[in-house]
Amino acid sequence: MAENKKSFVAYCDWENQLELLSDDEAGKLFRHLLAYVNDKSPEFSPEERILKMAFEPIRLQLKRDLDKYEEVKKKRSEAGRNGGIKSGASRSKTEQNEANEANASFAKKNEANEAVNDNVTVNVNDTVNDILLEKETKEENIIKEKSEEIFFDFESVKPDEQKRKKVAQKKEKAEPPDLEAFVEYGKEIYQNELKLDFSLYEFAVRAKYQTWIESGWKDGHKKPIQNWKSKLRNLIPYFKPIYGKSINNTGTSGSNPHSEQATYNIQAAAERLADDFAKGNIPGVYR
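Residues numbered from 1 in each chain as written. Predicted model: local features only at pLDDT ≥ 70, side-chain atom pairs only at ≥ 80, totals over all residues. Heavy atoms only, no water.

> Can you help me understand the overall build of the protein chain in this one?
When you go through the protein chain residue by residue, the secondary structure sums to nine helices and zero strands. The helix and strand sequence of the protein chain, counted from the amino end, reads α-α-α-α-α-α-α-α-α. Long-range contacts, defined as pairs at least 24 residues apart, comprise 61% of the intrachain contacts of the protein chain with a sequence gap of at least 6. Surface accessibility of the protein chain: about 19,900 Å² in total, with carbon and sulfur atoms responsible for 51%. (Helix = DSSP H or I, 4+ residues; strand = E, 2+ residues; numbered from the N terminus. Contact = heavy atoms within 4.5 Å. Areas by Shrake-Rupley, 256 points an atom, 1.4 Å probe, with all protein chains shown as cover.)

See below:
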């Protein structure tokens with residue numbers, strides 16, 4: 001957490017991860033979360049591998065939120081500093097205007113006095129009222145200029161270009177990606193973030209894509225998928241690896257860290273995996 005930061009944002013979709021854990025595991029995960037945001041550097045034991053995988057998407061989201069917080073904090077600091085500079089310049093300009101107005105008022109009064117001395121009929125009250133009215137008009141213009149400067153500074157923090165990018169991103173999220181982009185994103189998470197062998201999980205990732213496509217790009221709860229990357233990231237920690245000596249019906253050999261005699265039929269595994277996804281279940285290990 002950042003220095004002096006006393007809170008963080010929790011997301012509703014974390015519930016999907018907690019529902020797949022026992023009450024004891026969920027409690028451990030929540031306690032680990034609180035220790036993490038308080039900079040206590042907690043660690044999971046080797047036996048808590050499932051909790052580590054469940055917490056990884058949460059940790060990455062918290063890191064992204066912290067980066068955004070630091071960026072907003074920096075922009076606000078710069079906006080405040082620029083506003084102070086402009087405010088000082090405006091005050092200096094106002095003081096100069098007031099001095100000029102005072103000199104003008106004094107000169108006009110002298111002219112009025114000279115006119116009276118020359119026996120020219122002058123309405124002194126009207127002259128004074130004109131001077132006051134002119135001064136009030138200038139003060140109103142100065143206040144208006146300051147208001148426009150403040151409004152401009154505020155808008156500079158949120159330019160129209162950023163708004164257009166956000167709208168474009170929302171439209172992009174609603175469109176399904178192609179299969180290769182979907183698989184490549186899953187591979188990136190497994191290899192770069194979870195440090196796992198993607199080849200053991202590739203079948204589960206491809207099957208999940210096919211299930212969403214066949215359902216009209218909807219999840220297991222029949223809800224439209226707006227952010228497929230976030231959805232996939234939350235599900236990946238619960239995908240099970242598929243081991244076996246045979247990866248097709250021809251008998252091509254492979255390795256199995258759990259049993260040297262393990263084999264499975266790829267067609268049967270595919271049918272069971274698709275059925276699990278259709279029912280909204282987390283797939284198991286197929287051997």
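> Looking at this structure, I do not really get the nonpolar core. What am I missing?
Note on soluble globular proteins: their nonpolar side chains tend to be buried together. Counting residues in hydrophobic clusters, the biggest one holds 21 residues, and the most contacted among them are F182, Y190, W217, W228, L232, I236 and F239. Mapped by element, the contributors of at least two residues to this core are α6 (179-193), α7 (202-214), α8 (228-235) and α9 (266-278). When sequence neighbours within four positions are dropped, the list of residues in contact with L232 reads F182, Y185, G186, W212 and F239. (Core = buried A, V, L, I, M, F, W, Y, C linked by side-chain atoms within 4.5 Å. Buried < 20%, exposed > 50% of the residue type's maximum accessible area, 1.4 Å probe, protein only.)

> What is the right way to read the packing of aromatic side chains from this model?
On inspection of all chains with the given rule, the structure shows twelve aromatic pairs. Residues F44 and F55 carry aromatic rings whose centres are separated by 6.1 Å and whose planes lie at 65 degrees to one another, so their mutual orientation is edge-to-face. Placement of F44 in the loop between α2 (23-37) and α3 (49-117) and of F55 in helix α3 is noted, with a sequence separation of eleven residues between them. Judged by its relative accessible area of 18%, F44 is buried. Judged by centre distance (5.7 Å) and plane angle (85 degrees), the ring pair of W212 and W217 falls under edge-to-face. (Phe/Tyr/Trp six-rings, centres within 6.5 Å; stacked < 30°, edge-to-face > 60°.)

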